[in-house]
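One-letter residues, chain by chain:
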Amino acid sequence: MHVRTTHHWALRPATPEDLEAIVELRAVVMRPDLVRLGRYDEDRVRRRMRDSYVPEHTSVIVVEDRFAGSVTLRPHQDGHCLESFFVDEKFQGRGIGSAVLSALLARTDSEGVPVRLDVLQGSAARRLYERHGFVLEREDPVDVFMVRRPPSDLQAR
């Protein structure tokens, strides 16, 4: 999928020092959906990120030399799990999230492996994932679990 963005962005490896910036971004970005679902807890939203942070699988999104977000692509079963994909609200709506996702999916496609993720029910992020080929795998009252198989896998079905 060709993605247009007028902003130069880059991914750099995350470090342990990036954790608190990612924790705070997660709390801000997820708050509206968690409040809507009746699941927002100021401490829990931060603790879950701190407990699951693995810098080796996480990248920091940099735009105009500034911290703009994060994304984790963790090895999982037969492929990867996309987690902690957050773009700062100041940079949303500019194609950056789509460009980052396209780059990550090009990498997983070259490996020939599926990518799984979960997104909160009613989240606008679901449309982004669907535009990039993710389909519903299962859902519950809070989460939607999605999968994207590599193109060679899609053509074989």
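Residues numbered from 1 in each chain as written. Predicted model: local features only at pLDDT ≥ 70, side-chain atom pairs only at ≥ 80, totals over all residues. Heavy atoms only, no water.

Caption draft 1: Geometry of the packing of aromatic side chains. With the rule as written, the count across this model stands at 1 aromatic pair. Aromatic pair Tyr-129 and Phe-134: ring centres 5.7 Å apart, planes at 70 degrees, arrangement edge-to-face. For the pair shown, Tyr-129 and Phe-134 are each scored as buried. In this structure, Arg-138 packs its charged tip against the face of Phe-145, placed 3.9 Å from the ring centre. (Phe/Tyr/Trp six-rings, centres within 6.5 Å; stacked < 30°, edge-to-face > 60°. Buried < 20%, exposed > 50% of the residue type's maximum accessible area, 1.4 Å probe, protein only. Lys NZ or Arg CZ within 6 Å of the ring centre and 35° of its normal.)

Caption draft 2: The sheet that holds strand β5 (residues 115-120), seen in detail. An order of β1-β2-β3-β4-β5-β7-β6 is seen for the 7 strands of this open sheet, with the pairing classed as mixed. Each edge of the open sheet is held by one strand with a lone partner, namely β1 (9-13) and β6 (135-139). Across the sheet, the axes of successive neighbouring strands diverge by a mean angle of 30 degrees, strand direction being ignored. In this sheet, strand β3 (residues 66-76) lies alongside strand β2 (residues 58-63) in antiparallel orientation, the contact comprising 6 bridges. Residue pairing across strands places Val-62 opposite Phe-67, the latter belonging to β3. (Pairing = 2+ DSSP bridges. Helix = DSSP H or I, 4+ residues; strand = E, 2+ residues; numbered from the N terminus. Axes fitted to C-alpha atoms, helices over the stretch in contact; angles between N-to-C directions.)

Caption draft 3: Region of the structure containing the side chain of Arg-116. When you line up the elements, Arg-116 lands in strand β5. Polar contacts involving the side chain of Arg-116 include one to the side chain of Asp-78, which spans 3.1 Å. Among the polar contacts made by the side chain of Arg-116, one reaches the side chain of Glu-137 at a distance of 3.1 Å. Once residues lying within four places of it in the same chain are set aside, the contact partners of Arg-116 are Asp-78, His-80, Cys-81, Leu-82, Glu-137, Met-146, Val-147 and Arg-149. (Polar contact = N/O pair within 3.5 Å; in protein donor to acceptor, adjacent residues only side chain to side chain. Contact = heavy atoms within 4.5 Å.)

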